[in-house]
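Fold and geometry: a report
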Amino acid sequence: SSGGAATAPSPLRWGRWGGSLVDTPHDISPQNGAVPGERGKQDKSVKRGNWGNQIEFVLTSVGYAVGLGNVWRFPYLCYRNGGGAFMFPYFIMLVFCGIPLFFMELSFGQFASQGCLGVWRVSPMFKGVGYGMMVVSTYIGIYYNVVICIAFYYFFVSMTRVLPWTYCSNAWNTPDCTGVLDRNLSSRAALNLTLLNDTQKRTSPSEEYWRRYVLDLSDDIGNLGEVRLPLLGCLGVSWVVVFLCLIKGVKSSGKVVYFTATFPYVVLTILFVRGITLEGALTGIMYYLTPQWDKILDAKVWGDAASQIFYSLGCAWGGLITMASYNKFHNNCYRDSIIISITNCATSVYAGFVIFSILGFMANHLGVDVSNVADHGPGLAFVAYPEALTLLPISPLWSILFFFMLILLGLGTQFCLLETLVTAIVDEVGNEWIIRKKTFVTLGVAVAGFLLGVPLTTQAGIYWLLLMDNYAASFSLVVISCIMCVAIMYVYGHRNYFKDIEMMLGFPPPLFFQICWRFISPAIIFFILVFTVIQYQPISYNDYIYPTWAISIGFLMALSSVICIPIYAIYKVCRSEGDTLLERFKNATKASKDWGPALAEHRSGRYAPAFSPSTESHLEVQPLQPEKGRSEAAAASPMQGSNGSAHSQDSRL
């Protein structure tokens, strides 16, 4: 601190910045976008923990945002919605909706240093939004790890000389099976007829391996059948890996992401270099990129672009708020949000080159159009792409790389989903005991997730997985995000929030983001909601049509997260103080007293503790001047010593 007092022998000293008292090490230097003039602040939460460095946060957020959908959904949406023309609405939605929402959630969690429940001290009536995020993360965490376990299974069975889905000579194959490498085909035309599935019910060996061996698919969602033990074992492996990586929270997962978030790009590059050299690869890439400008006016194209941006970035899951809550208070999350969002979208585009180069090669080999081999979702990851890999030399190697990439992409998202739930529970209880026992909370959540995922490894498991994917995390996310925007911008107040960000970053959010948060982004979210409702079609899987009771369960899952919002709002209003309903409502929406920065040294301005000047001066000076009593007495007296030393020392302090 400025002044003339000698420093104490302790490595810590007391100082004062921004109207609050801080305990500051000598060797602290400004970093992570710290506000000038607050260089000496201790910017770490010892009690709660922080990221080891900023790279860990960025890599974790990239791993969270870049998931399976970037590989198996975006390329399909792109070629179906006009190829290169789809890029235009896609990047428009990124700029006006994706990046602003990403920045809002990061800044929200970082400012309060709380998970998806604790941040709603900003307006306690809306805490149900946090519970809704927890419900959504629970659903996604359950079925997402089942997809990872299937990738684990394919990864293990690929460790062989010949991939098991290469030929039709296996016990699980039917007479209708015809493979791309089978020698009993008389001509290319016969193979074309097989692949086109026009008049004959022919299937590929990869599809039969998927349906008849891996899943042993039942005929109805209600007919669970038996548990597929290989999948159950892989599910256990998947949950053990997730738990071990999160055993010490962000301190351990922050180290793991150096590998899990970067190695998928190495694999993508290897697959792309291999694929681009194959005959027909350029045809597939042109099919992926060739713009069809007539579709640019189609509302469905814009709806798909907005939905893909929204779901791909992981908005309203609670994960972004949770990950940002472990940042240092002055970290430049504005910069991070732009970097992570653009990286996510660039990865989607890049993955399209990898996928369609191989699919173009397979289409050329078969003499069919690329559209006849293109697919999305599980059909791409576990049927179409694995079949294409059988055409490559050393196919097991490429299969191992591909499924290892899927595992890493899935784990990056799964880490954040589990940490979201654990952080919400620990922050909500908040006592010292549960903070010390956080590892056991993580273990408990992982065991519960494993047990809830067991039904998804039965013969009807894929039906339930797709049901959860289509309903549990669809329009409910849009509703949650929209309410979050309204609560922050219009209930808490946009001016208050902009001041909070300025206090945290040293500058207010740019005017563009202010406009997006208040008007444009909520309008786009509402458009996504309307589009989702208009385009709704009952779920089906291949030729299987889901029964009404199953669809009803799907809607109940979607409703279970949204219903948390009004239920908690009613509860909070009833429990709030006030003689009239209006007074209760105002008190329920008013920010609680403990809203604001988590560390005392950051609570400046309107968040500063209510100390009187004399008390504040007393606390500030005491560690520097043990004989404060005599100094204060001398300063208070109208008489001074002959040399005026008491007065000058007090003024200086």
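Cut-off values and rules
- Residues numbered from 1 in each chain as written.
- Predicted model: local features only at pLDDT ≥ 70, side-chain atom pairs only at ≥ 80, totals over all residues.
- Heavy atoms only, no water.
- Patch = residues over 30% accessible without salt bridge, like charges linked within 9 Å, V, L, I, M, F, W, Y side chains within 5 Å.
- Areas by Shrake-Rupley, 256 points an atom, 1.4 Å probe, with all protein chains shown as cover.
- Salt bridge = Lys/Arg side-chain N within 4 Å of Asp/Glu carboxyl O.
- Helix = DSSP H or I, 4+ residues; strand = E, 2+ residues; numbered from the N terminus.
- Buried < 20%, exposed > 50% of the residue type's maximum accessible area, 1.4 Å probe, protein only.
- Disulfide = S-S within 2.5 Å.
- 1 Å grid on protein atoms, 1.4 Å probe; cavity = no way out; pocket = protein on both sides within 12 Å on 5 of 7 lines; lining within 4 Å.
- Points joined across faces, edges and corners; volume = space filled by probe spheres on them.
- Nonpolar A, V, L, I, M, F, W, Y, C, P; charged D, E, K, R; others polar.
- Core = buried A, V, L, I, M, F, W, Y, C linked by side-chain atoms within 4.5 Å.
- Phe/Tyr/Trp six-rings, centres within 6.5 Å; stacked < 30°, edge-to-face > 60°.
- Lys NZ or Arg CZ within 6 Å of the ring centre and 35° of its normal.

**Overview of a nonpolar patch on the surface**
There is a patch of nonpolar side chains on the surface, built from Val486, Tyr490, Val491, Leu511, Ile515 and Phe519 and spanning about 530 Å² of accessible area. Counting residues per element, the ones that place at least two in the nonpolar patch are α20 (475–505) and α21 (511–534). Looking at the element boundaries, Val486 is found in helix α20. Taking relative accessible area as the criterion, Val486 reaches 35% and is therefore assigned partly exposed.

**Concerning the state of the cysteines**
By definition, a disulfide links the sulfur atoms of two cysteines through a covalent bond. Following the criterion strictly, the structure yields one disulfide and no others. Between the sulfur atoms of Cys168 and its disulfide partner Cys177 the distance amounts to 1.9 Å. The S-S bond linking Cys168 to Cys177 shows a torsion near -65 degrees; that makes this disulfide left-handed. Cys97 supplies the cysteine sulfur nearest to Cys315, a cysteine that is in no disulfide, at a spacing of 6.8 Å. A relative accessible area of 1% places Cys315 in the buried class.

**Details of empty space enclosed by the protein**
Under the definition given, this model contains four cavities of 30 Å³ or more. Quantified by volume, the largest cavity comes out at close to 80 Å³. Lining of the largest cavity is provided by 15 residues; of these, Ser45, Ser113, Asn327, Phe329 and Leu599 occupy positions nearest its centre. Residue composition of the lining of the largest cavity, grouped by class: five nonpolar, seven polar and three charged. By volume, the second largest cavity amounts to about 60 Å³. Forming the boundary of the second largest cavity are Val62, Gly63, Val66, Thr260, Ala261, Pro264, Tyr265, Leu408, Leu409 and Gly412. Of all the secondary-structure elements, those providing two or more residues to the lining of the second largest cavity are α1 (54–65), α10 (263–276) and α16 (395–429). Of the residues forming the lining of the second largest cavity, the biggest block, three residues, is contributed by α16.

**Points about the nonpolar core**
In terms of nonpolar packing, the biggest core is built from 188 residues, with Tyr154, Trp210 and Tyr546 touching the most fellow members. Here this core takes 19 residues from helix α5 (residues 127–157), the largest share from any one element.

**Some details on the packing of aromatic side chains**
On inspection of all chains with the given rule, the structure shows 65 aromatic pairs. With 5.3 Å between their ring centres and 80 degrees between their planes, Phe108 and Trp120 make a pair best called edge-to-face. A residue pair is termed long-range when its members are at least 10 positions apart, and Phe108 in helix α4 (residues 87–112) and Trp120 in the loop between α4 and α5 qualify at twelve residues. The buried category is assigned to Phe108, whose relative accessible area is 1%. It is Arg48 that lies over the ring of Tyr326; its NZ or CZ is 4.3 Å from the centre.

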